[in-house]
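# Summary of structural features
Each chain, letter by letter, is given below.
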Amino acid sequence: MDILQSYIDNDPDDDGQIKDTRELDSNSSGNLSPNSSPPRMSLPTKSSAPKVDDTMLALAFAEANRALTKPLDPSQHVVSYNPTYDQLWAPICGPAHPYAKDGIAQGMRNHKLGFVENAAIEPFLFDEQYHTFHNNYVGDLDKLKQTDGISVYNIPQHEQKKRKIEKKNEKEEDDESGEDVDRAENRKSPWAGKEGSQTELTEEQKCAEEYAKKKGEEKGGSSDKGEFVADKSTFHGKEERDYQVRSWIAPPKDAKATNDHCYIPKRLVHTWSGHTKGVSAIRSFPKYGHLILSAGMDTKVKIWDVFNSCKCTRTYMGHSKAVRDIWFCNDGTIFLTAGYDKNIKLNPDEDKQNILLAGMSDKKIVQWDMNTRQITQEYDQHLGAVNTITFVDNNRRFVMSSDDKSLRVGEFGIPVVIKYISEPHMHSMPSISLHPNNNWLAAQSLDNQILIYSTRERFQLNKKKRFAGHMVAGYACQANFSPDGRFVMSGDGEGRCWFWDWKSCKVFRTLKCHEGVCIGCEWHPLEQSKVATCGWDGLIKYW
């Protein structure tokens, strides 16, 4: 301690002089009381930790703070930190050139509506939102507020009670009515008319029937020609409505196209057999294709299920001769059938579903109004039996083909031909199909080729597109297109189905489908690799 005390005493002051400790002690001793503690000595503090240079740490911290505030580069693919919401959605910063495009127009657009990126969403959730939006709330904000945005898979309580009451009432009515089994099986379908709506025969019709019977008795033959056949149908399923009170013709809610491109089928998936004679035509249910309608030469029309049971769902009887053609209306709730010597079509316009055109074998096309049950117009320009009627140009015009080896174009509602196409090399065209883009017509010519005509103002023949190789001479084989327009297909007289590429006009593939004539083919509207064919062997095959 003495050494330390002497060291402090000899410590130089600011002026570089050494103070005498003895004088300080003598002066201070007179002022200190005997009870006071001796003076304490204070030593300078020193840190035992080593000195660290924190310059780089401060720079890194400043760089991190600056990265959180600086804007993101739109062309940058990797971000080394977690940006905030404001940074991600902040506008693009920097000087803008007065003539240069910026933002989405600069190159961030990968869709016609802007920039689209992939997102991981469960299929069930996506389908729920998709069908809820398209079935309930498209353009209807009042309904959205009324239902609180409920989805199609959530049924409200009051709706469940209502359906239970309706089902209970229907069961009681069936028990009270006491119908026998045959009548229960032959319930009327949604396409059948209402009960008691069948009109009685007029006096002229009764006289015509009596005259036909007398004439048949005189000749000693049968009177089948003047016989009136009652319309009836047989339902082959378990019940016409499911537990949600939906009709058996209702399309499935989850039915939607899975791909934009169509592919040629390779193998047989299913075969429907039920017609005792050949099948003359098949048609798919509009937009969904979950049902197939077939017209048979055994005077019957059948509807087949495609998605579920793959069996015949209903059979319609009402013709006394072979059925020539069939056609669905736009929503699929009504279809038309015609005898073997006629061809009936509905007007495709939504507001003209009550009007139909019938191509007759007596060289005329008759226009009927189904509401008034009267003939409203006649088109009699052809010189032979009418084969086909095809609507073009937004359904304002229609193209007619006939056995007189000519094509005629007419305005709907005006019995005047606006375009007449007839060449010496032309043959009869018993089938015409419209391309999905509505710009071309595929006409099946009986000289074993498919000709392409434009639907523009001049209706010219496209000489660069010609599809040949199949044998259709003498048969009205149907030509058709794939939903994306990439392929042309047709049956032939040898039971094969031909596929051509639309751009190159080359044969893409052929399938041996039927033993006899392959008369019709139909591409599924949603399943891009599925095709249905029919033939004179009485079978309908799904490829």
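Residues numbered from 1 in each chain as written. Predicted model: local features only at pLDDT ≥ 70, side-chain atom pairs only at ≥ 80, totals over all residues. Heavy atoms only, no water.

This brings us to the overall build of the chain. Helices and strands together make up the secondary structure of the chain, namely 9 helices and 27 strands. Looking at the chain as a whole, 34% of its 543 residues are labelled buried. Taking as baseline every contact in the chain between residues at least 6 positions apart, the subset at least 24 positions apart corresponds to 44%. Approximately 36,000 Å² of the chain is accessible, and the part contributed by carbon and sulfur atoms is 51%. (Helix = DSSP H or I, 4+ residues; strand = E, 2+ residues; numbered from the N terminus. Buried < 20%, exposed > 50% of the residue type's maximum accessible area, 1.4 Å probe, protein only. Contact = heavy atoms within 4.5 Å. Areas by Shrake-Rupley, 256 points an atom, 1.4 Å probe, with all protein chains shown as cover.)

Our focus in this paragraph is a negative patch on the surface. On the surface, a cluster of negative charge is contributed by Glu-166, Glu-170, Glu-172 and Glu-173. Within the secondary structure layout, Glu-170 lies in helix H7 (residues 157–177). Residue Glu-170 is classed as partly exposed on the basis of its relative accessible area of 39%. (Patch = residues over 30% accessible without salt bridge, like charges linked within 9 Å, V, L, I, M, F, W, Y side chains within 5 Å. Salt bridge = Lys/Arg side-chain N within 4 Å of Asp/Glu carboxyl O. Lys, Arg positive; Asp, Glu negative; His and termini not counted. Charge placed at Lys NZ, Arg CZ, Asp CG, Glu CD.)

The next subject is the pattern of salt bridges. Under the criterion given, the structure shown has 10 salt bridges. Close ionic contact of Lys-364 with Glu-378 constitutes a salt bridge, the shortest N to O distance being 3.8 Å. Taken together, the positions of Lys-364 in the loop between strand S10 (355–359) and strand S11 (365–369) and Glu-378 in strand S12 (residues 374–379) put the pair 14 residues apart, joining distant regions of the chain. It is possible to trace a salt-bridge network through shared partners that takes in Asp-393, Arg-396, Arg-397 and Glu-411.

Overall, antiparallel pairing links the 4 strands, which are arranged S21-S22-S23-S24 in an open sheet. In this open sheet, the two strands that pair with only one neighbour each are strand S21 (479–481) and strand S24 (507–512). Neighbour-to-neighbour, the strand axes of the sheet open up by a mean angle of 20°, direction not taken into account. As judged from the 5 bridges shared by strand S23 (residues 496–501) and S24, these two strands associate in the antiparallel manner. When the sheet's bridge partners are listed, Phe-499 is paired in S24 with Arg-509. (Pairing = 2+ DSSP bridges. Axes fitted to C-alpha atoms, helices over the stretch in contact; angles between N-to-C directions.)

Spatially, the 5 strands line up as an open sheet ordered S1-S6-S5-S4-S3, and their pairing is antiparallel. At either margin of the open sheet sits one strand with a lone partner, and together these are strand S1 (232–235) and strand S3 (279–284). Strand-to-strand, the axes of this sheet are offset by a mean angle of 20°, without reference to chain direction. Two elements, S3 and strand S4 (residues 291–296), share 5 bridges in a ladder whose sense is antiparallel. By the bridge assignment for S4, Val-279 is matched with Gly-296.

This next bit is on the confidence of the model for the chain. If pLDDT is low for a region, its predicted coordinates should not be looked at in detail. Mean pLDDT over the chain works out to 75, with 76% of the residues at or above the 70 mark. Contacts from residues 12–30, a stretch scored under 50 in pLDDT, to residues over four places away or in other chains number 6 contacts. pLDDT under 50 marks residues 193–198. Its contacts with residues more than four places away, or in other chains, come to 5 contacts. (pLDDT = per-residue confidence, 0-100.)

What follows covers the packing of aromatic side chains. A complete count under the given rule lists 19 aromatic pairs for this structure. With a centroid separation of 5.5 Å and 65° between ring planes, the pair formed by Phe-285 and Phe-328 is classed as edge-to-face. With Phe-285 in the loop between S3 and S4 and Phe-328 in strand S7 (residues 323–328), this pair connects stretches of sequence that are 43 residues apart. Residues Phe-285 and Phe-328 agree in their burial class; the two are buried. Three or more aromatic residues joined by ring pairs form one cluster here, namely Trp-440, Phe-467, Phe-481, Trp-498, Trp-500 and Trp-502. Between Lys-465 and the ring centre of Trp-502, over which it is positioned, the NZ or CZ distance is 4.6 Å. (Phe/Tyr/Trp six-rings, centres within 6.5 Å; stacked < 30°, edge-to-face > 60°. Lys NZ or Arg CZ within 6 Å of the ring centre and 35° of its normal.)

A few words now on the side chain of Thr-132. With respect to the secondary-structure elements, Thr-132 resides in helix H5 (residues 123–135). Setting aside its immediate chain neighbours within four residues, Thr-132 contacts Tyr-137, Ile-150, Ser-151 and Val-152.

Okay, the pairing of S7 next. Inspection of the sheet shows S7 paired to strand S8 (residues 335–339) by 5 bridges, in the antiparallel sense. Within S8, the position partnered with Val-323 by the bridge is Gly-339. Hairpin connection from S7 to S8: 6 residues lie between these consecutive antiparallel strands, with Gly-332 at a positive phi of about 80°.

With that settled, consider unusual backbone geometry. Despite not being glycine, Thr-299 has its phi angle at roughly 70°, a positive value. A relative accessible area of 21% means that Thr-299 is categorised as partly exposed. One non-glycine residue, Asp-393, adopts positive backbone phi at about 55°. Of note, Asp-393 is situated in the loop between strand S13 (386–392) and strand S14 (397–402).

Our next topic: the environment of Trp-498. By secondary structure assignment, the location of Trp-498 is in strand S23. Residues Trp-498 and Phe-467, 31 residues apart in the sequence, show an inter-C-alpha distance of 9.9 Å. Residues in contact with Trp-498, not counting those within four places in the same chain, are Gly-469, His-470, Val-488, Met-489, Ser-490, Asp-492, Val-507, Arg-509 and Thr-510. A distance of 3.0 Å separates a polar atom in the side chain of Trp-498 from a polar atom in the side chain of Asp-492. (Polar contact = N/O pair within 3.5 Å; in protein donor to acceptor, adjacent residues only side chain to side chain.)

Bringing the environment of Gln-244 into the picture now. Considering the arrangement of structural elements, one finds Gln-244 in the loop between S1 and strand S2 (270–273). Linking Gln-244 and Gln-160, residues 84 residues apart in sequence, is a C-alpha distance of 9.0 Å.

The grouping of Ile-121, Phe-124, Leu-125, Phe-126, Tyr-130 and Tyr-153 at the surface amounts to a nonpolar patch, some 590 Å² of accessible area in total. Mapped onto the elements of the fold, Leu-125 is located in helix H5.

A few words on the state of the cysteines. Working definition of a disulfide: a covalent bond connecting the sulfur atoms of two cysteines. Inspection of every chain in the model, using the stated rule, returns 0 disulfides. For the unlinked cysteine Cys-477, the closest cysteine sulfur is that of Cys-518, found at 6.9 Å. With a relative accessible area of 0%, Cys-477 lands in the buried category. (Disulfide = S-S within 2.5 Å.)

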